[in-house]
Amino acid sequence: MADQSYCHRLQHDMYFLTSNSRLNEQVVDKIILQLNRVYPQILSNAEAEKFRNPKASLHTRLSDLIKHLQKKGDRHCQEFYRALQINAEELYNDLPSRKILKTTDSTEIDTDKEKYMLSDRGPVFFLACFSVAAGFALFWYCCNSGIPEQLFHPLPSHPPWFRVPVGSEQRFLGGRTPEDPPADLDLFSHLYHSKGHT
């Protein structure tokens, strides 16, 4: 409906305008006079007098006026809508073609908003998504490539000969006693004596 001409819109609204006496005599006269006085004229003086003739019913005169404007062209129909909006704004807003236009405009606004939200995320958002995906892929590769799981275990917080008090005694972890020197001290002593030192 947004791409249709004013003539097509007027054809769509014709039944609404001519039914149930939505337009009274006074409003129709104002519309006709405005179309007669606008420059350049939409209705000549003779045409204006014809459509204001009280001998014909209001329904007949309004129907004939709309058909006459449709034959004249799109600009004539556009001026009719302008006159209708000035003299009967509430009725103008309730036209079927207006409601369709509002619905179409709302849909276009929502679509543009959604596109803006997608583009507004920018490269940082997609870079973060890529980093997360790469991290998961690396983790999956490590889990399935035969890497010893010991690599993933935390290092001990103290060496195996670390002294831990137990009751009233002090013992070394790993089964050693305070009198047992660490293995590295035994190695040092062996090297020292092998070189001839006493």
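So, here's what we can say about the structure. (Residues numbered from 1 in each chain as written. Predicted model: local features only at pLDDT ≥ 70, side-chain atom pairs only at ≥ 80, totals over all residues. Heavy atoms only, no water.)

### Examining the packing of helix H4 (residues 58–72) against helix H5 (residues 74–87)
Running from N to C, H4 and H5 point in directions that differ by 140 degrees, and their axes come no closer than 5 Å. Comparing the axis directions of H4 and H5 gives the class oblique. In contact with Leu65, Ile66, Leu69, Gln70 and Lys72 of H4, H5 contributes His76, Cys77 and Phe80. Across the contact of H4 with H5, the residue classes break down as five nonpolar, two polar and one charged. (Axes fitted to C-alpha atoms, helices over the stretch in contact; angles between N-to-C directions. Helix = DSSP H or I, 4+ residues; strand = E, 2+ residues; numbered from the N terminus. Parallel < 35°, antiparallel > 145°, perpendicular 65-115°, else oblique. Contact = heavy atoms within 4.5 Å. Nonpolar A, V, L, I, M, F, W, Y, C, P; charged D, E, K, R; others polar.)

### Some details on the environment of asparagine 93
Looking at where asparagine 93 falls in the secondary structure, it is placed in helix H6 (residues 89–93). The exposure class assigned to asparagine 93 is partly exposed, which follows from its relative accessible area of 27%. In contact with asparagine 93, not counting residues within four places along its chain, are Arg98 and Lys102. (Buried < 20%, exposed > 50% of the residue type's maximum accessible area, 1.4 Å probe, protein only.)

### What to know about helix H2 (residues 25–37)
For H2, which comprises 13 residues, the first-to-last C-alpha distance of 18 Å matches the rise-based estimate of 18 Å (1.5 Å per residue) to within 8%. Turning to H2, its buried residues are Val27, Val28, Asp29, Ile31, Ile32, Leu35 and Asn36. Tucked into the core, H2 has its buried residues touching helix H3 (45–51), H4 and H5. With a side-chain oxygen lying 3.3 Å from the backbone nitrogen of glutamine 26, the N-terminal cap of H2 falls on asparagine 24. (Expected span 1.5 Å × (residues − 1). Polar contact = N/O pair within 3.5 Å; in protein donor to acceptor, adjacent residues only side chain to side chain.)

### Quick notes on the nonpolar core
With 28 residues, the main nonpolar core has Leu17, Leu23, Leu69, Phe80 and Leu84 as its most contacted residues. Each residue touching leucine 69, except ones within four places of it in the same chain, is listed here: Leu10, Leu35, Ile42, Leu43, His76, Cys77 and Phe80. (Core = buried A, V, L, I, M, F, W, Y, C linked by side-chain atoms within 4.5 Å.)

### Quick notes on the side chain of glutamate 47
Mapped onto the elements, glutamate 47 comes out in helix H3. Buried charged residue glutamate 47 carries no salt bridge. Nearest counter-charge: lysine 72, at 4.0 Å. Once residues within four sequence positions are removed from consideration, glutamate 47 is found in contact with Ile42, His68 and Lys72. (Lys, Arg positive; Asp, Glu negative; His and termini not counted. Salt bridge = Lys/Arg side-chain N within 4 Å of Asp/Glu carboxyl O.)

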